[in-house]
Amino acid sequence: MSDLCIIAIDGPAASGKSTLGFRLAESLGYLYFDTGLMYRAVTWLTLARGLSAQDEAAVTRLAEDMPIEVTAPSFEDGRSCDIVVDGQDITWKIRQPEVDANVSIVAAYSGVRAALTIQQRRIGLRGRVVMVGRDIGTVVLPEANVKIYLDASAKERARRRYDETLQRGGTADLAEILTKVNERDRIDSTRAIAPLKPAADAVLIDSDKLNADQVFEKALSLCKR
Ligand code: DC
């Protein structure tokens, strides 16, 4: 594979993109970059500063100036990187329910997407990267060498989120998670700019009927082709 190799993985929430992307990057010796965390960081910063996620102008200004640092993990607590904003480690804070509830609204703003896409493209074009998101193969890096669209039914994805929450010691309601997954799918796939959809040249993998190892083997063979 060339040094400039770019692997794009897109798909809906909880389809297993992060697990797959992280494993692929580790196995290929590439950088793993989850672009969702940037949208989450803007959302967290919005709420932390007492702003409303509905205030498009203010949220866009934050996205344009956000002092975000993404570095190698400094704790072995399941994180794939450290995310520091305003001097605070927000790696787990960006997974809180308030962020989940507002991130799709923030991610639909054109100014926010423009600001974050520039940063994502700059990182991606260095190559040797596995970039995960919703619009990597369609908008951020249409020149990617391998494009994977990882899908799974909403029911299966909700069940995975439910299991993850319990494993981290939290409590959860499966029906409520399913409602939220459906709502995020609706917003992500119907927004006017960079909606969630497979690139015309993406390979679709349905993880409903495959376990994590099978998904990984299938994706790795595409990368090595
Ligand atoms: O993958 P995730 O759940 O962490 O993504 C959080 C939100 O960010 C989700 O609503 C979709 C959005 N997102 C996006 O619009 N474009 C990306 N490239 C990555 C995430």
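Scroll up for the structure.
Residues numbered from 1 in each chain as written. Predicted model: local features only at pLDDT ≥ 70, side-chain atom pairs only at ≥ 80, totals over all residues. Heavy atoms only, no water.

Asks: I'm lost on the site of the ligand in this one. Help?
Replies: Near the ligand you find 16 residues, and of these Arg40, Arg113, Asp135, Arg184 and Arg191 are the closest. One of the side-chain nitrogen or oxygen atoms of Ser104 is found 3.0 Å away from an oxygen atom of the ligand. In this structure, Arg184 approaches the ligand through a side-chain N or O atom, which is 2.6 Å from an oxygen atom. Here the shell around the ligand is built from residues that sort into four nonpolar, four polar and eight charged. (Near = heavy atom within 4 Å. Polar contact = N/O pair within 3.5 Å; in protein donor to acceptor, adjacent residues only side chain to side chain. Nonpolar A, V, L, I, M, F, W, Y, C, P; charged D, E, K, R; others polar.)

Asks: Explain the sheet that holds strand 5 (residues 88-89) to me, please; I cannot follow it from the model alone.
Replies: By definition, the strands of a sheet pair up through backbone hydrogen bonds, in either a parallel or an antiparallel sense. Judged by pairing direction, the sheet is antiparallel, and its three strands sit side by side in the order 3-4-5 without closing on themselves. Two strands in the sheet have a free side with no partner beyond their single neighbour: strand 3 (68-71) and strand 5. Here strand 4 (residues 82-85) runs beside strand 5; their pairing, made up of two bridges, is antiparallel. Across the sheet, Val84 pairs through a bridge with Asp89, a residue of strand 5. (Pairing = 2+ DSSP bridges. Helix = DSSP H or I, 4+ residues; strand = E, 2+ residues; numbered from the N terminus.)

Asks: Mind showing me how you'd approach the sheet that holds strand 1 (residues 6-10) here?
Replies: Taken together, five strands build an open sheet; the order of strands is 2-6-1-7-8 and the sheet is parallel. What marks the edges here is a single partner per strand, and that holds for strand 2 (31-34) and strand 8 (203-206). The average angle at which neighbouring strand axes cross in this sheet is 20 degrees, direction not considered. In terms of strand pairing, strand 1 meets strand 6 (residues 129-133) through five bridges, oriented parallel. (Axes fitted to C-alpha atoms, helices over the stretch in contact; angles between N-to-C directions.)

Asks: Can you help me understand unusual backbone geometry in this one?
Replies: Phi is mostly negative for residues that are not glycine, and the peptide bonds are mostly trans. For Ala14, which is not glycine, the phi dihedral falls at a positive 65 degrees. Turning to its location among the elements, Ala14 is positioned in the loop between strand 1 and helix 1 (17-28). A relative accessible area of 10% means that Ala14 is categorised as buried. Positive phi is not limited to glycine here, since Ala194 has a value of about 45 degrees. Position of Ala194 relative to the elements: it lies in the loop between helix 8 (174-190) and strand 8. On the basis of relative accessible area, Ala194 is assigned to the buried category, the value being 10%. (Buried < 20%, exposed > 50% of the residue type's maximum accessible area, 1.4 Å probe, protein only.)

Asks: Is there a simple way to think about the state of the cysteines in this case?
Replies: Each disulfide consists of a covalent bond between the sulfur atoms of two cysteine residues. Under the counting rule described, the total for this entry stands at zero disulfides. With no disulfide of its own, Cys5 lies 6.7 Å from the sulfur of Cys223, the closest cysteine sulfur. (Disulfide = S-S within 2.5 Å.)

Asks: What exactly am I supposed to notice about the packing of helix 7 (residues 154-167) against helix 8 here?
Replies: The relative placement of two packed helices is expressed as an angle between their axes plus a distance between the axes. Viewed as axis vectors pointing N to C, helix 7 and helix 8 meet at an angle of 125 degrees, and their least axial separation amounts to 9 Å. Comparing the axis directions of helix 7 and helix 8 gives the class oblique. As for the relative orientation of helix 7 and helix 8, their crossing is right-handed in sense. Here Ala154, Lys155, Arg157, Ala158, Arg159, Arg161 and Tyr162 of helix 7 come into contact with helix 8, specifically with Leu174, Ile177, Leu178, Val181, Asn182, Arg184 and Asp185. A per-class count over the contact of helix 7 with helix 8 returns seven nonpolar, one polar and six charged. (Parallel < 35°, antiparallel > 145°, perpendicular 65-115°, else oblique. Left-handed = near helix turned anticlockwise from the far one by under 90°. Contact = heavy atoms within 4.5 Å.)

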